[in-house]
Amino acid sequence: MRFEVVAFLKFGFFASALLLSTDLLYSWYLRQKNRTPRLNEVNFVMSNALPCCPHTADVEVIKKCRNPHCKAKLSRKIIEQIDSAKHLICIAMYMFTMRHMADAIMNAKKRGVHIRIITDFSMTNDHSQINKLQGDGIAIRIAGNGDLYMHNKYCLIDVLTGETKFKENTHPLNGVLINGSMNWTTNGFERNWENIIFTSDDHLKSEFKRSFDYIWSRCA
Ligand SMILES: [Zn+2]
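**Student:** Would you mind showing me how to read the overall build of the protein here?
**Tutor:** Counting its secondary structure elements, the protein contains 7 helices and 7 strands. Against the 2.2 N^0.38 benchmark of 17 Å for 220 residues, the protein shows a C-alpha radius of gyration of 24 Å, more extended than a compact globule. With respect to the three principal axes, the spread of C-alpha positions in the protein is 95 × 45 × 30 Å. By residue count, 30% of the 220 residues in the protein fall in the buried class. Across the protein, contacts joining residues at least 24 apart in sequence account for 65% of those joining residues at least 6 apart.

**Student:** Would you take a moment to explain the pairing of strand S6 (residues 176-180) for this structure?
**Tutor:** Look at any regular strand and the pattern is simple: side chains alternate between the two faces of the sheet. In the sheet, strand S5 (residues 153-157) pairs with S6 via 4 bridges, with the strands oriented antiparallel. Considered in S6, the bridge of Leu156 is made with Leu177. Of the strand pairs in this sheet, S6 and strand S7 (residues 194-199) are connected by 4 bridges, and their pairing is antiparallel. Paired with Asn179 across the bridge in S7 is Ile197.

**Student:** Just checking my understanding: could you explain helix H7 (residues 202-218) for this structure?
**Tutor:** An α-helix turns once per 3.6 residues; consequently, residues spaced three or four apart project the same way. Helix length check: H7, at 17 residues, gives a terminal C-alpha distance of 24 Å against a target of 24 Å (1.5 Å per residue), a fit within 8%. Buried residues belonging to H7 abut strand S2 (88-93), S5 and S6.

**Student:** Any chance you could explain the environment of Arg76 here in plain terms?
**Tutor:** Relative to the helices and strands, Arg76 resides in helix H3 (residues 71-84). Looking at Arg76, the number of C-beta atoms within 10 Å reads 20, which means it is buried. Taking the C-alpha atoms as reference points, Arg76 and Thr119, separated by 43 residues in sequence, lie 22 Å from one another. Setting aside chain neighbours within four positions, we find Arg76 in contact with Val59 and Ile62.

**Student:** Hey, could you run me through the sheet that holds S5 in this one?
**Tutor:** Sheet strands associate in pairs through backbone hydrogen bonding, adopting either a parallel or an antiparallel arrangement. Pairing is mixed in the open sheet, where 7 strands are placed in the order S1-S7-S6-S5-S2-S3-S4. Among the strands making up the open sheet, the edge pair consists of strand S1 (40-45) and strand S4 (139-143). Recorded for the sheet is a direction-independent mean angle of 10° between the axes of neighbouring strands. As judged from the 5 bridges shared by S2 and S5, these two strands associate in the antiparallel manner. Looking at S5, one finds that Ile89 is bridged to Ile157.

**Student:** Teacher, can you tell me more about the domain arrangement of the protein here?
**Tutor:** Many analyses report the size of an interface as the accessible area lost when the parts associate. Parsing the protein into structural domains produces domain 1 (1-35) and domain 2 (37-218). If you average the C-alpha positions of domain 1 and of domain 2, the two centres end up 51 Å apart.

**Student:** Just to check I follow, could you spell out the nonpolar core for this structure?
**Tutor:** Side chains of a nonpolar character, in soluble globular proteins, are inclined to be buried together. Of all hydrophobic cores here, the largest spans 44 residues; its most connected members are Ile82, Ile89, Met93, Ile105, Ile117, Leu156 and Ile157. In terms of residue count, S2 provides more of this core than any other element does, 6 residues in total. Setting aside chain neighbours within four positions, we find Ile82 in contact with Ile89, Ala104, Ile105, Ala108 and Ile157.

**Student:** Hey, could you run me through the packing of H3 against helix H4 (residues 99-110) in this one?
**Tutor:** For the pair H3 and H4, interaxial distance at closest approach is 9 Å and the crossing angle is 10°. For the element pair H3 / H4, the angle class is roughly parallel. Every residue of H4 that contacts H3 at Ile78, Ile79, Ile82 and Asp83 is listed here: His100, Met101, Ala104, Ile105 and Ala108. Of the residues belonging to the contact of H3 with H4, the class tally is 7 nonpolar, 1 polar and 1 charged.

**Student:** What exactly am I supposed to notice about H4 here?
**Tutor:** Look at H4: 17 Å from first C-alpha to last across 12 residues, which is about the 16 Å you get at 1.5 Å a residue. Those residues of H4 not exposed but buried are Met101, Ala102, Ala104, Ile105 and Ala108. The buried side chains of H4 occupy one side of the element, clustering within an arc of 155° when seen end-on. Away from its buried face, by an angle of more than 90 degrees, H4 presents the exposed residues Arg99 and Lys110. Against the buried residues of H4 lie H3, S2, strand S3 (114-120) and helix H5 (130-135).

Rules used throughout
- Note that residues are indexed from 1 along each chain, following the sequence as it is written.
- Only residues with pLDDT of at least 70 are given local features in this predicted model, and only at 80 or more are side-chain atom pairs given and counted; all residues enter the totals for whole chains, interfaces and linings.
- Put simply, DSSP marks the helices as runs of H or I at least four residues long and the strands as runs of E at least two long, and each gets a number from the N terminus on.
- Each radius of gyration reported is based on C-alpha atoms, and the globular scaling rule is 2.2 Å times the count of residues to the power 0.38.
- Residue burial is a threshold on neighbouring C-beta atoms within 10 Å of the residue's own C-beta, all placed from the backbone, with 20 or more meaning buried, 12 or fewer meaning exposed, and counts in between meaning partly exposed.
- Two residues qualify as being in contact provided that their C-beta atoms, derived from the backbone, are within 7 Å of each other.
- One requirement defines pairing of two strands: DSSP has to find at least two bridges between them.
- What a helix should span is 1.5 Å times the count of its residues minus one.
- Angles run from 0 to 180 degrees between N-to-C directions of axes, and those axes are lines fitted to C-alpha atoms, restricted for helices to the stretch in contact.
- Each domain's limits were defined by an automated method or a database of domain assignments.
- Any set of buried Ala, Val, Leu, Ile, Met, Phe, Trp, Tyr and Cys residues joined through C-beta atoms within 7 Å is what this text calls a nonpolar core.
- Oblique is the label for any angle not under 35 degrees, not over 145, and not in the 65 to 115 range, which are roughly parallel, roughly antiparallel and roughly perpendicular in turn.
- Just so you know the grouping, Ala, Val, Leu, Ile, Met, Phe, Trp, Tyr, Cys and Pro go in nonpolar, Asp, Glu, Lys and Arg go in charged, and all remaining residues, Gly too, go in polar.
- By construction, the arc corresponds to the directions joining the helix axis to the C-beta atoms.

Okay, structure coming up:
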């Protein structure tokens, strides 16, 4: 009788241990399966880099370029992120004069992506892309007044924190933040020393989105 009780207890112990380890293994598998991919990279624009591809060069030509400081590769990276947007693009950009960036934004609008752009008062001139984008129906708000500047340079792709309008974010990285020193101008991409970060970090995305929404709500 005593032997049977011990055997039963042993069986119970091993069965529980087996169930527990299976459960732990299964939850680890689910975490791996549903893990959001990560993007964290910084790019530097080197003022003295040798000139190679123009920004308007064919995508395949830019892909094959071996210059590690190819400036067209960086503008392609930003355009690829704009092209990947499915729901919402929020841009806060002090200076915006690059035409092929504006073209990518218009293409996104045609795909049904919501676009919001905050820019500086100084961009309400014909040299910038802002008037053209506004004329094409893009929602633009102006901050700064000529005395103080809206000096941010960031772009949020499908960062939907706080949005109730969209039930699901299908962006492969659940949104991306592009931020750095660079304006979207020829000088920014071609002549200056600049840095630009691409990240899918949830905390940073949410903080930038909160800041964007605040400025958006404060200007007309
Ligand atoms: Zn190149």
